[in-house]
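Fold and geometry: a report
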Amino acid sequence: MRYILNAGPQLSKDQLKSVLKQIKLTYPEGSEVTMTLAEIFRNEGIDEGLEKGRKEGETQALSKMAVKVLTKKFGTISKEDLATMETLNTASLELIIEEFWLFVVR
């Protein structure tokens with residue numbers, strides 16, 4: 001089942017339901033296993049979505065913090081620089097914030 005989903009073309013929801021229905025008809029004893037696999041895949045998708053959301057939220061929060069510290073240090077920031085800040089990864093944003101605090105402490 002996992003091989004079919006990973007190796008085959010992207011299945012639509014209806015196609016997946018059709019595959020599950022055919023497995024249930026062909027292999028009634030395996031229908032519970034199939035449903036368990038479906039639940040596992042669903043939970044994996046939920047977990048991946050939550051993790052992606054956490055990472056995006058962390059990056060957005062760091063971006064806002066970096067904008068605040070750069071504004072505090074340099075004054076107004078151009079729209080282009082703000083747009084660039086939104087494209088930076090977590091490590092770059094953390095570095096900007098850390099460097100600001102080093103500047104403040106000196």
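Computed from a predicted structure; not experimentally measured. (Residues numbered from 1 in each chain as written. Predicted model: local features only at pLDDT ≥ 70, side-chain atom pairs only at ≥ 80, totals over all residues. Heavy atoms only, no water.)

Inspection of the secondary structure puts phenylalanine 103 in helix α5 (residues 90-105). Here phenylalanine 103 falls in the partly exposed class, since its relative accessible area comes to 43%. (Helix = DSSP H or I, 4+ residues; strand = E, 2+ residues; numbered from the N terminus. Buried < 20%, exposed > 50% of the residue type's maximum accessible area, 1.4 Å probe, protein only.)

Below, the discussion takes up the pattern of salt bridges. Per the stated rule, a full pass over the model turns up 1 salt bridge. Arginine 54 is paired through a salt bridge with glutamate 51; the nearest N and O atoms lie 3.3 Å apart. In this pair, arginine 54 and glutamate 51 are both assigned in helix α3 (residues 31-74), 3 residues apart and thus about one turn of the helix distant. A relative accessible area of 54% means that arginine 54 is categorised as exposed. (Salt bridge = Lys/Arg side-chain N within 4 Å of Asp/Glu carboxyl O.)

Relative to the helices and strands, serine 63 resides in helix α3. When its relative accessible area of 9% is taken as the criterion, serine 63 is described as buried. Serine 63 has contacts with Met85, Glu86 and Leu93, leaving out every residue within four places of it along the chain. (Contact = heavy atoms within 4.5 Å.)

What follows deals with the confidence of the model for the protein chain. In this model, the protein chain carries an average pLDDT of 80, and 78% of its residues clear a pLDDT of 70 or more. Taken element by element, the predicted model of the protein chain shows its lowest mean pLDDT in helix α1 (residues 2-7) (61) and its highest in helix α4 (residues 79-85) (89). (pLDDT = per-residue confidence, 0-100.)

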